Protein chains: 2
Amino acid sequence: MELYDLVMRRRSVRNFRPDEVPGDIVEKLVNAAASAPTGCNIQPLSVVTVQEAAGRAKLGEMIKRQPWVKNAPLSMIFCLDFWRLKRWAELSGVEFRGHDAFSHFLLAYADVMCAAQTVVLLAESLGLGSVYVGRLPYVADDAREYFGMPTYVLPLMLLCLGYPKTVPRRVPKLPPAVIGHREQYRPLSDDDLRTAFDEKYGAFDGDARRYFGRVLGEALEAEEQGEGEWLEGSRARMAEKAVASNAEFVFKVRYRADLMVETNAAAIDIFKNAGFDCFR
Amino acid sequence: MELYDLVMRRRSVRNFRPDEVPGDIVEKLVNAAASAPTGCNIQPLSVVTVQEAAGRAKLGEMIKRQPWVKNAPLSMIFCLDFWRLKRWAELSGVEFRGHDAFSHFLLAYADVMCAAQTVVLLAESLGLGSVYVGRLPYVADDAREYFGMPTYVLPLMLLCLGYPKTVPRRVPKLPPAVIGHREQYRPLSDDDLRTAFDEKYGAFDGDARRYFGRVLGEALEAEEQGEGEWLEGSRARMAEKAVASNAEFVFKVRYRADLMVETNAAAIDIFKNAGFDCFR
């Protein structure tokens, strides 16, 4: 298959067959991560592959309400790793302060995600499915302790992989004409913007299950995998906030900026706990 | 070609033929970016494609000492775009504060890089070469003004693309056995760590040009494209700091953590100028 077709066909997969991912495939995924682009060829990356029951259970315990985490036969923890560089600098009598440098963080996080997305596409080409779990940094204290990560190693992205039991249908997306701009950024007019989001999400539907089926398949997936809390919680919140539009659903139920602003200090503290004091 | 082979073969390309990248190829690249994974399906991404002489010249002016920026027939500016979401929320009478939320920044930057790396691999499969230019966020004030980006749009990564004139040979890298960890993170012993970096960089060589040829091809590439300053500057700095080891070269010449820490406040201000106040 052409890579273009693979890219356009790829969906996040949350429902995996229990089959183990063979060692030679895991090796290819790690090789691919290690050969991803890296700013200044610094390679501030470590990848922990988790296949054993204990590690999977621990990840599932840390990341609540996402049953695919423990159900995935393979998880890959993508870490920003400045420990290795710092130790090398120390052993060489040179100073290293990348962990306190905002620009180093930006560059290194880009590296981490280049590696992760390379693995996503390679996995897809090998018949695997995958889903990102963005919640990992907020449980980094626990994750670092359990997985034995020293100071200056920060787990930033979790990728869960396995052979798909089911591949979800396409989720509604903004079209490329909205994402792409030629030569200049062109802000959408209010009308075009409303149309773009209306077309993305479709008519808002009072029926929560049908709505979830269309725009939030994860909720139904979680329910099928024995974790109904997500669906019930979303429903309750929809009722509580009298959600009557797609925008209200997105910003009051699913992607609550209010809550996230509240977590800033805690999240920045987690970075500090890992030795990263780069946001000042 | 299998995607695995493509991933393992890919090199950053900085020397492009002048040939224009055809419109249907640019369209595929944008389509691929728009279909990359995105946390909560929020799509906080815009991509500005730059092919015209004026935009290329402006980018080349902003990003100094990287002549491939103006020489690349196609540049893609990957932006974290919260403007669109914020406007949609406003039009819908809902609050949006993602631009002040650290966790939203982390998630959205991951999205931006997923899209960018998808483009890197797709471009490679279509016969194009590419190189990331990580300096873009530090000239974001200028870039936002020139490319007409409103508040809450932050250009985070530049990708320069074109048909390769030359493909560089493999750059020295740490092996996958150092990047990958099974089940648990295993810190390298001091000896293993020294060995890993010694093997990556090879014996340190007093001859700067030969050394650059092995570990910093960009310097020679820049010189060939009429920008000798990088090579001369690195040489002068090597002499000034009496650089006598690979670690000294990396941390005193190429990847200077001291300088980068000094730029923290300015970089965080640039984020604030774009409406992002998420690091507190």
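It should be noted that the structure appears before, not after, this text.
Residues numbered from 1 in each chain as written. Chains lettered and ligands numbered in written order. Predicted model: local features only at pLDDT ≥ 70, side-chain atom pairs only at ≥ 80, totals over all residues. Heavy atoms only, no water.

Caption draft 1: The arrangement of the packing of aromatic side chains in detail. All told, the structure shown has 40 aromatic pairs over all chains when counted by the stated rule. Both rings, one in Phe-102 of chain A and one in Phe-279 of chain B, keep their centres 5.0 Å apart while their planes meet at 75 degrees; by these two values the pair is edge-to-face. Here Phe-102 of chain A is found in helix H6 (residues 102-125), whereas its partner Phe-279 of chain B is found in the segment after helix H15 (264-273) on a different chain. Aromatic rings pair up to connect Phe-102, Phe-105, Tyr-109, Phe-271 and Phe-279 of chain A together with Phe-102, Phe-105, Tyr-109, Phe-271 and Phe-279 of chain B into one cluster. For Lys-28 of chain A, the ring lying beneath its charged end belongs to Tyr-4 of chain B, and the centroid distance is 5.0 Å. In this arrangement the basic side chain of Lys-86 of chain B is found over the ring face of Tyr-152 of chain B, its NZ or CZ atom lying 5.1 Å from the centre. (Phe/Tyr/Trp six-rings, centres within 6.5 Å; stacked < 30°, edge-to-face > 60°. Helix = DSSP H or I, 4+ residues; strand = E, 2+ residues; numbered from the N terminus. Lys NZ or Arg CZ within 6 Å of the ring centre and 35° of its normal.)

Caption draft 2: Molecular detail of the packing of helix H2 (residues 23-34) of chain A against H6 of chain A. Residue and element names in this part refer to chain A. Across the interface, H2 lies against H6 with an axial gap of 8 Å and an inter-helix angle of 140 degrees. For the pair H2 and H6, the crossing hand works out as right-handed. Listed contacts from H6 to Lys-28, Leu-29, Ala-32 and Ala-33 of H2 are Ala-115, Thr-118, Val-119, Leu-122 and Ala-123. For the contact of H2 with H6, the class distribution of residues is 7 nonpolar, 1 polar and 1 charged. (Axes fitted to C-alpha atoms, helices over the stretch in contact; angles between N-to-C directions. Left-handed = near helix turned anticlockwise from the far one by under 90°. Contact = heavy atoms within 4.5 Å. Nonpolar A, V, L, I, M, F, W, Y, C, P; charged D, E, K, R; others polar.)

Caption draft 3: Region of the structure containing unusual backbone geometry. Phi is positive for Ala-242 of chain A, close to 50 degrees, though the residue is something other than glycine. Relative to the helices and strands, Ala-242 of chain A is located in the loop between helix H12 (229-240) and helix H13 (246-254). You can call Ala-242 of chain A exposed: its relative accessible area is 55%. Positive phi, close to 70 degrees, is recorded for Glu-183 of chain B, a residue that is not glycine. Its location among the elements puts Glu-183 of chain B in the loop between strand S5 (180-182) and helix H9 (190-201). (Buried < 20%, exposed > 50% of the residue type's maximum accessible area, 1.4 Å probe, protein only.)

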